[in-house]
Amino acid sequence: MIFAVGDAAPLSEHEVLVFLIQLALLIGVARLLGGLMKRVGQPSVVGELLAGVMLGPSLFGRVAPEAFDWVFGEETVTSVIFGLSWLGVIMLLVVIGFETDLGIIARFRNAALSVSAGALLVPLAVVSALAFVVPESFIGEGISTGVFAGFLALALSVSALPVVAKILQELGYLRRNFGQITLAAGMTMDAVGWLLLAALSGIAQDGFDLVLLAQSFGGLIVFLAVVLTVGRWALDTLMRRVMAQGSSITAALTISLVAALTGALITQFLRLEAILGAFIVGILLATLRHQLPQVEQVLEITTAAIFAPIFFAFSGLRVDIGLLGSWSAIGWTVGLTMVAVVAKVIGTMIGGRVAGVRGREALALGSGLSALGAMGIVVAIVGLNLGVLSETGYTVIVLVAIVTSIIAPQLLKMVVSGWEVPEDEKRRLDREELLAASEILGSKRVLIPTRGGDSSRYAARLMAAVLDDPEVTVLAVDVRSGRFGRRARGGSSNPDDVLGALAGVRHRLIQKVAADPADAIARESRLGYDLIVIGASESETDSGVFSNVVDRVLASVDLPTVVVRFPEAAGEVPDALPEHVLVPVVATRASRAAEELAYSIARISSGRASAIHVVNRPEGQGMMLETNPAVENAVRTGLEMVGAAAAFGERLGVVVETDVRVAPNAEGEIVDFTNTRGVDLAVFGTASRSLSNRPFFGHRVSYMIENSQVPVMIIALASRSA
């Protein structure tokens, strides 16, 4: 049974069947051709765009006209698919917004503005002039050449942000400097393009209306102001409540999608098209303080697998190459394609020269921005619906948009091929790659629960030095005394020394009073943090590794946790970072996380790092390896591990001294090395397992923690991720 809403006619059983067939064909063929394109080294978007042309009247409609009419002849069903295709481009822009780095865009803002001006104005001028000499068959009946010229110039001048972004993403250039400038320029051109489209649509219908254009532009300014203030606060508050209640990814994903759709409908209402609002909200979602990383992953997978292929494939369905029935029409299609690409590249180079972007980088920008794709198609659809374009004119513009989207990645690959990445950019890209794969170093939101003290201050100083622009929350929890009291047992917390150690790092202080500090810390940790850093005081009892509160926190949280213990025997907390850092090396993820931190600290302090691996030698077997082949094999494995550690340290910018030892007691050998070889900090990686409401690191790690006379840093990963 198919139900209708109000007086609207329901989809019949036949129409539902046709809808499902269309959906299966669009997704299946688009994904198939997209996969084939990737196999030959091209972006999948090329195959997805071609899928629509193949399924449309150009191929399917000619090979099997009756089957084509049966599948794609239902106007009601086509309208539903059209709505899904717009949802697809909205989802795509949200994902691209997540991946847009505002920091890099801000860094290159002058270049982005200059490039976008040149890349837009030069093609507008050139194509506008050509529009007055194109065949009349391209122009809708009763339409003035001036109005047609405006639509043609806009369609062949404004780069398609979704296509450009997807090309950059799939070719691996999105994080490059020129990739971010290209994205920023595309965003700027899109905003201007939607304003121009709104103005042109108004002129085509009612003549030029300056008031409507001013309303659209003013509305966009108000929308941006609200999004960056009230919108950010509202979304952050919602996400915090979701996380505090322990809700799943489903709730966070729902909030994100509703926010994106709200942004899309607002810009659509402003006559600026929905995708601009979706893109802005996507950027906002990526910058929220409380955000689950799984949201971006789910959106990206869903969009790539379903929604984006629908949009790109549907864009080609109305293209009928058969309408280019004369050599003149074919020649104009080829000529307009060449003009669009050449004018874009020249305009980009002119704009880039003004901003100091020249040579190969300017060519790369022009190549990337030459893809017209979705924007050209949208302008063509609007022009066709308003009667500005004929069916032939629509086909020409859409073909130019598709062909330029195919040419753009090829040009970009040719320009970038053999281009040696500048050293400063290479260092940034290498570091970003390391941070993306790191358990610890890539952390952006860091929680430091503390009541003050040497260990907390030292921990804060170390993490402030090694983390890349983190946002640190210092949580000071006092213990409630009595039912209504607010006085803390043992004195109030004093986080001032910790806050002082975070000078130069974004941080904030949260102060709470709770009956159970460990529970308060665990609750706060569930609010979207990436990392917990704890300064551990001496153990209050013999039952725990650290203090009772720290032990309970470690046993109850699933986040990566760094615990720093600064022993009283080490004296005053030094102002300088440790110059000699030791890390035991074993083949675990936790050990690799410990190496990352150890080598990063040594690099920043211009010190040295030591990587040690100890092979257990059974008691009474002497030092001759040939008496025990198992030990000999273990030594060879140990040499491979410390060799890999040295290579990893070199990648992080520090020379690592390596040592492989054979001893009957590995933990005792490591402690002896730590206490006698001038080590300033020992870093241990371990998987924390809960044991009777306290953490258990294993007897060896616990022994090294308790017997080291120097500061110790423990990287504890939950057992499920270790």
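Above this text is the structure in question.
Residues numbered from 1 in each chain as written. Predicted model: local features only at pLDDT ≥ 70, side-chain atom pairs only at ≥ 80, totals over all residues. Heavy atoms only, no water.

Student: I'm lost on the overall build of the protein in this one. Help?
Tutor: Regarding its fold elements, the protein presents 27 helices and 11 strands. Taken over 722 residues, the protein has a buried fraction of 53%. Within the protein, residue pairs in contact and separated by at least 24 positions form 81% of the contacts whose partners lie at least 6 positions apart. (Helix = DSSP H or I, 4+ residues; strand = E, 2+ residues; numbered from the N terminus. Buried < 20%, exposed > 50% of the residue type's maximum accessible area, 1.4 Å probe, protein only. Contact = heavy atoms within 4.5 Å.)

Student: So what exactly am I meant to see when it comes to empty space enclosed by the protein here?
Tutor: The rolling of a water-molecule-sized probe over the atoms marks out the regions of remaining empty space. A complete count under the given rule lists five cavities of 30 Å³ or more for this structure. Counted as a void, the largest cavity has a volume near 50 Å³. In terms of lining residues, the largest cavity is bounded by Phe 82, Ser 85, Trp 86, Phe 311, Phe 314, Ser 315, Ile 377, Val 378 and Ile 381. Only helix H5 (75-99), helix H14 (293-315) and helix H17 (373-385) provide two or more residues apiece to the lining of the largest cavity. A per-class count over the lining of the largest cavity returns seven nonpolar, two polar and no charged. (1 Å grid on protein atoms, 1.4 Å probe; cavity = no way out; pocket = protein on both sides within 12 Å on 5 of 7 lines; lining within 4 Å. Points joined across faces, edges and corners; volume = space filled by probe spheres on them. Nonpolar A, V, L, I, M, F, W, Y, C, P; charged D, E, K, R; others polar.)

Student: I'm lost on the packing of aromatic side chains in this one. Help?
Tutor: How two aromatic rings sit relative to each other is given by the distance of their centres and the angle of their planes. According to the stated counting rule, one finds eight aromatic pairs in the structure shown. Aromatic side chains Phe 60 and Phe 72 sit 6.4 Å apart centroid to centroid with 85° between the ring planes, which places their arrangement in the edge-to-face category. On the criterion of sequence distance, the pair formed by Phe 60 in helix H3 (residues 60-63) and Phe 72 in helix H4 (residues 65-72) is long-range, its members being 12 residues apart. Lying across the ring of Tyr 529, Arg 445 places its NZ or CZ 4.1 Å from the centre. (Phe/Tyr/Trp six-rings, centres within 6.5 Å; stacked < 30°, edge-to-face > 60°. Lys NZ or Arg CZ within 6 Å of the ring centre and 35° of its normal.)

Student: Just to check I follow, could you spell out the pattern of salt bridges for this structure?
Tutor: Once the charged atoms of two side chains with opposite charge are near each other, the side chains can pair. Evaluation of the coordinates by the stated rule reveals 15 salt bridges. With a shortest N-O distance of 2.8 Å, Asp 320 and Arg 62 are connected by a salt bridge. Placement of the pair is Asp 320 in the loop between H14 and helix H15 (327-354) and Arg 62 in helix H3, with a sequence separation of 258 residues. For Arg 62, a relative accessible area of 47% puts it in the partly exposed group. Here Arg 661 makes a salt bridge to Glu 669, at a shortest N to O gap of 2.9 Å. Take Glu 669: its relative accessible area is 22%, and that puts it in the partly exposed class. Here the residues in one salt-bridge network are Arg 289, Arg 445, Asp 469, Glu 471 and Arg 506, joined through shared partners. (Salt bridge = Lys/Arg side-chain N within 4 Å of Asp/Glu carboxyl O.)

Student: When you look at unusual backbone geometry in this model, what are you seeing that I'm missing?
Tutor: Backbone geometry follows two general trends: most residues other than glycine have a negative phi, and most peptide bonds adopt the trans configuration. Its identity is not glycine, yet Asp 469 carries a phi of approximately 50°, on the positive side. Within the secondary structure layout, Asp 469 lies in the loop between helix H20 (454-466) and strand S2 (471-479). Even without a glycine there, the phi angle at Ser 606 is positive, about 55°. Ser 606 gets classed as exposed once you look at its relative accessible area, which sits at 67%.

Student: How should a nonpolar patch on the surface be read in this particular structure?
Tutor: On the surface, Val 222, Val 226, Val 230 and Trp 233 cluster together into a nonpolar patch covering about 420 Å² of accessible area. The class of Val 230 is exposed, set by a relative accessible area of 51%. (Patch = residues over 30% accessible without salt bridge, like charges linked within 9 Å, V, L, I, M, F, W, Y side chains within 5 Å. Areas by Shrake-Rupley, 256 points an atom, 1.4 Å probe, with all protein chains shown as cover.)

Student: I'm lost on helix H11 (residues 210-244) in this one. Help?
Tutor: Between its first and last C-alpha atoms H11 spans 49 Å; for 35 residues at 1.5 Å apiece the expected length is 51 Å, and the two agree. Among the residues of H11, Ser 216, Gly 219, Leu 220, Phe 223, Val 227, Gly 231, Leu 235, Asp 236, Met 239, Val 242 and Met 243 are the ones counted as buried. (Expected span 1.5 Å × (residues − 1).)

Student: Explanation requested: the nonpolar core in the structure shown.
Tutor: Generally speaking, soluble globular proteins have nonpolar side chains that are buried together. Among the nonpolar cores identified, the biggest contains 157 residues, and Phe 148, Phe 178 and Leu 412 are the most heavily contacted of them. Looking at this core element by element, the count peaks at 12 residues for helix H18 (residues 391-416). Those residues within four positions of Leu 412 in sequence are excluded, and the remaining contacts are Ile 167, Leu 168, Leu 171, Tyr 173, Phe 178, Ala 364, Ser 367 and Gly 368. Counting residues in hydrophobic clusters, the runner-up holds 51 residues, among them Ile 448, Met 463, Val 474 and Val 533. (Core = buried A, V, L, I, M, F, W, Y, C linked by side-chain atoms within 4.5 Å.)

Student: Please clarify how the packing of helix H24 (residues 589-604) against helix H25 (residues 629-651) should be interpreted in this entry.
Tutor: Think of two packed helices as two axes; the pair is described by the angle between the axes and how far apart they sit. At a minimum axis separation of 10 Å, H24 and H25 run at an interaxial angle of 45°. One finds that H24 runs oblique with respect to H25. In the crossing of H24 with H25, the sense of the turn from one axis to the other is right-handed. Within the contact between the two elements, H24 uses Arg 592, Glu 595, Glu 596 and Tyr 599 and H25 uses Ala 645, Phe 648 and Gly 649. Of the residues that constitute the contact of H24 with H25, the class distribution is three nonpolar, one polar and three charged. (Axes fitted to C-alpha atoms, helices over the stretch in contact; angles between N-to-C directions. Parallel < 35°, antiparallel > 145°, perpendicular 65-115°, else oblique. Left-handed = near helix turned anticlockwise from the far one by under 90°.)

Student: Would you mind going over the environment of Leu 55 with me for this structure?
Tutor: Its location among the elements puts Leu 55 in helix H2 (residues 44-55). Placed 258 residues apart in sequence, Leu 55 and Ala 313 show a C-alpha to C-alpha distance of 8.3 Å. Once residues lying within four places of it in the same chain are set aside, the contact partners of Leu 55 are Leu 25, Leu 26, Val 29, Phe 60, Phe 68, Phe 72 and Leu 317.

Student: In this structure, what is going on with the side chain of Arg 445? I would like to understand it.
Tutor: Among the structural elements, Arg 445 can be located in strand S1 (residues 445-449). Only 2.7 Å separates the side chain of Arg 445 from the backbone oxygen of Leu 527, close enough to count as a polar contact. Apart from residues lying up to four places away in sequence, Arg 445 is in contact with Arg 289, His 290, Glu 471, Thr 473, Arg 508, Leu 527, Gly 528, Tyr 529, Asp 530 and Leu 531. (Polar contact = N/O pair within 3.5 Å; in protein donor to acceptor, adjacent residues only side chain to side chain.)

Student: Can you walk me through the environment of Phe 98 in this structure?
Tutor: Summarising the element assignment, Phe 98 is placed in helix H5. The residues contacting Phe 98, other than those within four sequence positions of it, are Gly 282, Ile 283, Leu 285, Ala 286, Gln 291, Val 295, Glu 296 and Leu 299.

Student: Mind showing me how you'd approach the side chain of Thr 674 here?
Tutor: By the element assignment, Thr 674 lies in helix H26 (residues 666-676). Among the residues examined, Thr 674 registers a relative accessible area of 1% and is labelled buried. Among the polar contacts made by the side chain of Thr 674, one reaches the main-chain carbonyl oxygen of Ile 670 at a distance of 2.9 Å. The contacts of Thr 674, once residues within four sequence positions are left out, are Leu 582, Val 679, Ala 682, Ser 708 and Val 710.

Student: What's the story with H26 in this structure? I'm lost.
Tutor: A turn of α-helix holds 3.6 residues, and therefore any two residues three or four places apart point the same way. Every buried residue of H26 is listed here: Ala 666, Glu 667, Ile 670, Val 671, Phe 673 and Thr 674. Down the axis of H26, the buried set is contained in an arc of 160°. They therefore lie on one face. Just downstream of H26, Gly 678 is the residue with a positive phi angle, here 70°. (Arc of directions from axis to C-beta.)

Student: What's the story with the pairing of strand S5 (residues 561-565) in this structure? I'm lost.
Tutor: Successive residues of a regular strand alternate their side chains across the two faces of the sheet. Summarising burial for S5: five of the five residues are buried, a large majority. Of the pairings in the sheet, the one linking strand S4 (residues 531-536) to S5 comprises five bridges and is parallel in character. Looking across to S5, one finds that Val 533 is bridged to Val 562. (Pairing = 2+ DSSP bridges.)

Don't take any of this as a statement about function, it's just geometry.
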